[in-house]
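Remarks on the overall topology
Next come the chains, spelled out residue by residue.
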Amino acid sequence: MSNYLEKFEKMRIAGKLAAKTLDMLTENIKPGISTNYIDKLGYEFIKDNGGYSAPLYYRGFQKSLCTSLNHVVCHGIPSDRILNEGDAVNVDVTAIVDDHYGDTSRMFCVGETSVKMNNLINATYESMMRAIRILKPGIKLGDIGYEIQSFVEQKGFSVVRDFCGHGIGTSFHEQPNILHYGKKNTGMELMPGMTFTIEPMINAGKWEVKILNDGWTAVTKDKSLSAQFEHTVGITENGYEIFTESVKGYSKPPY
């Protein structure tokens, strides 16, 4: 018992720094800035607050966070690309503090976004929260996927299959894999002390994706819009804890 309480305390600290980084970026994300600028701000904030950006040099990745715009599903690489009015961007931050990882992402709207994008963002956020709200010891991993898939498909959207949530703690990616689609009452049973991410990637069109030549950037095959949110969570004796909640109460756009 004491082991996981100590682990949870460290996960809170790492998770809070990741969440505070997104909180800080909220007032800076606007038309006219580059995704490289977002990366620079994120890197400096994490470093100045006693952490390290996990993505930097991870498997050769050259940036401190991921910026995924519009039809980019995940792992978008910050660049000189300027944000324009109407863009939507997912910013994915992972902070390491005291060898523990906090991993979280949010969608940001750049000025006024389309009704379709707004509906997709709302459904994606709600699907993640529906999955989180059922968490407790005894439920199965398939229940998490079922909550997300059944909700977004009812809205006419689709769940990306190629990427999933993951165990996290003193490593960036651990077992188990957390699929965002599935059947009730299948898969591993949740137990107190487990820590993992839930990070549904939801497409406005079909679920298939392709990886660009840079080896990282995943985009929708049919060029439809995509959205994602992510929290790091822990399973307690009778429920769950979210380690990456916004300190300022931000959840989804508009912030």
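Just above sits the structure.
Okay, so let's go over this structure. (Residues numbered from 1 in each chain as written. Predicted model: local features only at pLDDT ≥ 70, side-chain atom pairs only at ≥ 80, totals over all residues. Heavy atoms only, no water.)

**Some details on the overall build of the chain**
Across its full length, the chain carries four helices and 15 strands. Sequence-distant contacts, at least 24 apart, represent 70% of the contacts inside the chain between residues at least 6 apart. Accessible surface, the chain: about 11,200 Å² in total, of which carbon and sulfur atoms supply 48%. Charge centroids of the chain, computed over 27 positive and 30 negative side chains, lie 4 Å from each other. (Helix = DSSP H or I, 4+ residues; strand = E, 2+ residues; numbered from the N terminus. Contact = heavy atoms within 4.5 Å. Areas by Shrake-Rupley, 256 points an atom, 1.4 Å probe, with all protein chains shown as cover. Lys, Arg positive; Asp, Glu negative; His and termini not counted. Charge placed at Lys NZ, Arg CZ, Asp CG, Glu CD.)

**What about the packing of aromatic side chains?**
Applying the stated criterion to the full structure yields eight aromatic pairs. Ring centres of Y101 and F172 lie 5.6 Å apart, and the angle between their planes is 25 degrees; on these two criteria the pair is classed as stacked. Remark: F172 occurs in the loop between β7 (165-167) and β8 (174-178) and Y101 occurs in strand β5 (residues 100-109); sequence separation between them is 71 residues. Of the two residues, Y101 and F172, neither departs from the other in class, the shared state being buried. By way of ring pairs, the aromatic residues Y4, F8 and F243 are connected into one cluster. Sitting over the face of the ring of Y181, R161 holds its NZ or CZ atom 4.7 Å from the ring centroid. Looking at R161, its charged tip hangs above the ring of W207, at a distance of 5.1 Å from the centre. (Phe/Tyr/Trp six-rings, centres within 6.5 Å; stacked < 30°, edge-to-face > 60°. Buried < 20%, exposed > 50% of the residue type's maximum accessible area, 1.4 Å probe, protein only. Lys NZ or Arg CZ within 6 Å of the ring centre and 35° of its normal.)

**Structural notes on the side chain of T236**
On the secondary structure map, T236 appears in the loop between β14 (231-235) and β15 (240-242). Residue classification places T236 among the buried positions, given a relative accessible area of 17%. Within the local environment of T236, its side chain forms a polar contact with the backbone nitrogen of G239, the two atoms lying 2.9 Å apart. Beyond its immediate sequence surroundings of up to four residues, T236 is in contact with Y4, F8, P137, P192 and E241. (Polar contact = N/O pair within 3.5 Å; in protein donor to acceptor, adjacent residues only side chain to side chain.)

**Quick word on the pairing of strand β2 (residues 66-69)**
Side chains of β2 alternate between two faces, with C66 and S68 and T67 and L69 buried alike. Pairing between β2 and strand β4 (residues 88-97): four bridges, direction antiparallel. When the bridges of β4 are listed, S68 appears paired with N90. (Pairing = 2+ DSSP bridges.)

**Some points on the pairing of β8**
One ladder, built from three bridges, connects β7 with β8; its direction is antiparallel. When the bridges of β8 are listed, G167 appears paired with E174. What sits between the antiparallel neighbours β7 and β8 is a turn of six residues.

**Regarding the pattern of salt bridges**
Taken as a whole and assessed by the stated rule, the structure comprises nine salt bridges. Of the charged contacts, one joins R12 and E9 as a salt bridge, the two residues approaching to 2.7 Å between their closest N and O atoms. On the criterion of helical spacing, the pair formed by R12 and E9 is a turn pair, its members being three residues apart in helix α1 (residues 2-26). Relative accessible area serves as the criterion here: at 30%, R12 is assigned to the partly exposed category. Given a relative accessible area of 39%, E9 falls into the partly exposed group. Across the pair R81 and D87 runs a salt bridge, and its minimum N-O distance is 2.9 Å. Residue class for D87 comes out buried when judged on its relative accessible area of 8%. (Salt bridge = Lys/Arg side-chain N within 4 Å of Asp/Glu carboxyl O.)

**Overview of the environment of K7**
Within the fold, K7 resides in helix α1. C-alpha of K7 to C-alpha of T195: the two residues are 188 residues apart in sequence and 9.3 Å apart in space. Residues within four places of K7 in sequence aside, it is in contact with H100, G169, G193 and T195. Among the polar contacts made by the side chain of K7, one reaches the main-chain carbonyl oxygen of G193 at a distance of 3.3 Å.

**Focus on the side chain of H231**
Structurally, the position occupied by H231 is in strand β14. A polar atom in the side chain of H231 sits 2.7 Å from the side chain of T244. Not counting chain neighbours up to four residues away, the residues in contact with H231 comprise D103, T104, M128, M129, I132, F196, T197, I198, I242, T244 and E245.

**As for the sheet that holds strand β13 (residues 226-228)**
Across the sheet, three strands lie side by side as β6-β10-β13; this open sheet has antiparallel pairing. Looking at the sheet topology across the chains shown, the edges are occupied by β6 (158-159) and β13. In terms of strand pairing, strand β10 (residues 201-203) meets β13 through three bridges, oriented antiparallel. From the neighbouring strand, M201 faces β13, where its bridge partner is Q228. Across the sheet, helix α3 (residues 115-133) lies against β10 and β13, angled at about 35 degrees from β13, the strand it touches most. (Axes fitted to C-alpha atoms, helices over the stretch in contact; angles between N-to-C directions.)

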